[in-house]
Amino acid sequence: MLPISDYLFLSFTLLLIGVIGVITRRSLVIKLFSIEMILNAAGINLMAFARFFADAAGETFAAFIILMVVAQVLVALAIIAVVFTRWFNVSTAPAKHPEQGVPAS
Amino acid sequence: MLTHALDVIRNFMHADGAAFLPQLELLLFAVGILAMDTWISQKEKYWSPTLALAGVVFSGLTLWMLRARISTGAEFTAVHDTIIVDTYFLFFSALLLAASALVILLSVNEGSIPLRHKARYYALLLFACAAMMFAVSAVDLLVMFLALEVAALSCFFLAALRGVSSKPEPSSVKFMLGSLFGSAILAYGFSLLYGLSAATNIGKIASALTRRHNISKVIAVSHQPGAHGAQMYQLLQSRLPEALHWRPFMLETLPIAAFLLVLFALLAKTKAASMHRLVESAHSASPITPVLFLSGGFIVAMLASLMRLTLTVFGEYHDTWWPVVVAVALALIAAGVVASLRQKTFSDILACASCAQIGYMLLALISGDETALTALVYYLFTYLFIVSGAFAVLLAARNQSAAGPQMASLNDLGGRSPVVAVLLVIFVIALAGFPPTAGFFARYSLFQSLWRSGHRYTAWCAAFLALPLAWSYLRIAVHACRRSPDSNAETAAVSLGAPEAIVLGVCAFVSLAAGLYSEPFMRMARYAFGQ
């Protein structure tokens, strides 16, 4: 097994990429992907520590995180799809109100 | 065989099952509401809120019985030490049930929730409340994370609830993204805590972290050249081989990193809930009661979980993290004050100012002593009732007015409905922190604890920021009392139904009584810590 610091470095990199993606990107779908990247970084940590300690609790935690990721992605995409049918836009950039006749871009 | 099955169920309910019986009752009532909705007619839809209230009442009665049980013996844990029934859980569960009851009562006459959605709405409220109660009772990282996620999922659906116009609002998407972001960061912070302790139970994590400082010194010595270093290396290899994989720097900094991540994550979720609905159009007809639930119950659950983690796991690092909490708290207060001064609708002022209120509550963690924590719990308790009362007035005014959530719906409220205007002024003064209301005593207790613990500059900054915050609230009262010269101004009186009257009466009582005679309420707050 590689040293634990290597796994921590990988997960921290993924965490940084995910945080930067959430803060800087405007598209809702890409923000969602960035959040999933952070969750995967947490999963990597948990699996690495579970292997390191030979403890099943970490693996169980990682499995539940994946289950929650699936559930949240389904709910989030459903809500985004419903909002898109009204606003024709999945960007979080400030947009004019559709009722004023200006399509949001 | 049936007798045997009943015996198994009975034994389980006397043992582990008793620990989550209040939550189980809420879940059963929620399922019952959904099942019953399939066969009742439109005229019988009143059964949905009735069942929801009954579920809350039954759950509260079960909490009372659990109180009797732990008063005779000590607190007890269940389900392999993953959940605990202690005074902290009892107090915050009762508070969450009270928040749910207030929202259910206000939802009865809320016309903007379509009738076909009401059963699902009440069921979601009960699901969210049960999940939040699990989060407050959890002493295992996995259970706490799952409970917070289930509560957040229920709140996503509540926040996305469409009004009678059947048009979804994008603010629900922003709340969902903010909450998911907080969850992801929280999962990462929890993974670090697991890595530092090889345990998910917060008690075991706390004891592992207290040993980590000594272990890091031993590891540092084992890396030194010479006979002493080699001897220490062999000792570690025989007694604690996994420690050799850690560097001292990582063992010293990872707990601080975990604390910052957990703090940031829970605050991100709290802020996402409190800032919900800010981007709505002025004529939005979306329901208000989900906003109230997010501003009240959801924030109580997040802060209660943060307090349990901070006091149990991170208490030893108080000297390291209190400056961070000061900076975060003052930044939240300043951001909330600036944002609320720029808002023009009643609900947006409350939403932005609630950010500042959360900042004030965080200040109690800086002192960390018994007085400060009691003040924090008292602040949470009174804030829940005061903000519920303010939202109840908003709901009543909106139901009568075509101006929606704009301040215009409050014009000349004093002339149209003096009683409602007086109640609004009470709630606004309480939120602004003026005597003799509960808001003043809550903030005074916080400042007193800061002053006594030596954080005087922080107390001065927080007190200074309270002035513009008070003005952002008082604008609402000024609008309500001012007679508008506009010929199109509202002239209809605000009528209150029985549920709204009950909610307003209870909230006004707490807002005034907790300020005029605070001793019983402080005693309740001290009960949360077993006193």
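Residues numbered from 1 in each chain as written. Chains lettered and ligands numbered in written order. Predicted model: local features only at pLDDT ≥ 70, side-chain atom pairs only at ≥ 80, totals over all residues.

(A) Here's a closer look at the overall build of chain B. A tally of regular secondary structure across chain B gives 20 helices and two strands. For chain B, the C-alpha radius of gyration of 25 Å lies close to 24 Å, the compact-globule estimate for 531 residues. Taking the principal axes of its C-alpha atoms as reference, chain B extends roughly 95 × 70 × 45 Å. Here chain B holds 531 residues, and the buried ones make up 54% of them. For chain B, the proportion of contacts with a sequence separation of at least 24, taken over those separated by at least 6, is 79%. (Helix = DSSP H or I, 4+ residues; strand = E, 2+ residues; numbered from the N terminus. Rg over C-alpha atoms; globule rule 2.2 N^0.38 Å. Buried ≥ 20, exposed ≤ 12 C-beta atoms within 10 Å, placed from the backbone. Contact = placed C-beta atoms within 7 Å.)

(B) Representation of the nonpolar core in the model. All names here are of chain B. By size, the foremost hydrophobic cluster in this structure holds 220 residues, and its most contacted members are Leu125, Leu126, Ala135 and Val300. Ranked by the residues each element gives to this core, the list is headed by helix 14 (residues 370–400), at 22 residues. What Ala135 contacts, discounting residues up to four positions off in sequence, is Met144, Ala147, Leu148, Ala151, Ala301 and Ser305. (Core = buried A, V, L, I, M, F, W, Y, C linked by C-beta atoms within 7 Å.)

(C) Expanded view of the interface of chain B and chain A. Taken residue by residue, the interface counts 31 residues in chain B and 39 residues in chain A. Among the elements of the structure, helix 6 (141–159) and helix 7 (171–197) of chain B are those that each provide at least two residues to the side of chain B that touches chain A. A per-element tally of the side of chain B that touches chain A places helix 7 of chain B first, with 15 residues. Class assignment for the residues of the side of chain B that touches chain A results in 20 nonpolar, six polar and five charged. (Nonpolar A, V, L, I, M, F, W, Y, C, P; charged D, E, K, R; others polar.)

(D) Representation of the environment of Gly389 of chain B in the model. Residues and elements named next belong to chain B. Inspection of the secondary structure puts Gly389 in helix 14. Judged by C-beta crowding, with 27 C-beta atoms within 10 Å, Gly389 ranks as buried. Considering only alpha carbons, one finds Gly389 and Val510, 121 residues apart in sequence, at a separation of 9.9 Å. Excluding its chain neighbours within four sequence positions, the residues that come into contact with Gly389 are Leu423, Phe427, Leu504, Cys507, Ala508 and Ser511.

(E) Seen up close, helix 2 (residues 28–53) of chain A. Given a rise of 1.5 Å per residue, 26 residues ought to cover 38 Å, and the 38 Å separating the end C-alpha atoms of helix 2 of chain A matches this to within 8%. Looking one or two residues beyond helix 2 of chain A, the residue adopting positive phi is Ala54 of chain A, at roughly 55°. (Expected span 1.5 Å × (residues − 1).)

(F) Region of interest: the packing of helix 2 of chain A against helix 7 of chain B. Packing of helix 2 of chain A against helix 7 of chain B brings their axes to within 8 Å, and their N-to-C directions diverge by 15°. As far as their axial angle goes, helix 7 of chain B and helix 2 of chain A are roughly parallel. Judged by the sense of rotation from one axis to the other, the crossing of helix 2 of chain A with helix 7 of chain B is left-handed. Here Leu28, Lys31, Ile35, Ile38, Leu39, Ala41, Ala42, Asn45, Leu46 and Phe49 of chain A of helix 2 of chain A lie close against helix 7 of chain B, whose contacting residues are Val173, Leu177, Leu180, Phe181, Ala184, Ile185, Ala187, Tyr188, Ser191, Leu192, Tyr194 and Gly195 of chain B. Taken together, the residues of the contact of helix 2 of chain A with helix 7 of chain B sort by class into 18 nonpolar, three polar and one charged. (Axes fitted to C-alpha atoms, helices over the stretch in contact; angles between N-to-C directions. Parallel < 35°, antiparallel > 145°, perpendicular 65-115°, else oblique. Left-handed = near helix turned anticlockwise from the far one by under 90°.)

(G) The arrangement of the confidence of the model for chain A in detail. All names here are of chain A. The predicted model of chain A has a mean per-residue pLDDT of 81, with 80% of residues at 70 or higher. Taken element by element, the predicted model of chain A shows its lowest mean pLDDT in helix 3 (residues 56–87) (83) and its highest in helix 1 (residues 4–24) (92). Considering only residues more than four positions removed or in separate chains, one finds that residues 95–105, a stretch of pLDDT under 50, has 15 contacts. (pLDDT = per-residue confidence, 0-100.)

(H) Structural view of helix 11 (residues 289–312) of chain B. All names here are of chain B. Along its 24 residues, helix 11 runs 34 Å from first to last C-alpha, staying within 8% of the 34 Å computed at 1.5 Å per residue. Residue Phe298 marks the point of greatest curvature in helix 11, where the axis turns by about 30°. Buried residues dominate helix 11, accounting for 22 of its 24 residues. (Bend = angle between axes of the 7 residues up to and from the residue.)

(I) Fine view of the packing of helix 13 (residues 346–367) of chain B against helix 18 (residues 456–481) of chain B. Residue and element names in this part refer to chain B. Where helix 13 contacts helix 18, the two axes come as close as 11 Å, and the packing angle between them is 160°. Taken together, helix 13 and helix 18 sit at an angle that is classed as roughly antiparallel. Seen along the crossing, helix 13 lies across helix 18 with a hand that is left-handed. Where helix 13 abuts helix 18, its residues Phe346, Ile349, Ala353, Ala356, Tyr360, Leu363 and Ile366 lie against Thr458, Ala462, Leu469, Ser472, Tyr473 and Ile476. Here the residues of the contact of helix 13 with helix 18 sort into eleven nonpolar, two polar and no charged.

(J) Molecular detail of the domain arrangement of chain B. Residues and elements named next belong to chain B. On domain assignment, one finds that chain B holds domain 1 (19–200 + 262–306), domain 2 (201–249) and domain 3 (314–531). Counting from both sides, the interface comprises 32 residues of domain 1 and, opposite them, 31 residues of domain 3. Of all the secondary-structure elements, those providing two or more residues to the side of domain 1 that touches domain 3 are helix 4 (87–107), helix 10 (248–274) and helix 11. It is helix 4 that contributes the most residues to the side of domain 1 that touches domain 3, nine residues altogether. Here the side of domain 1 that touches domain 3 is composed, by residue class, of 19 nonpolar, ten polar and three charged. (Domains from an automatic or database assignment.)

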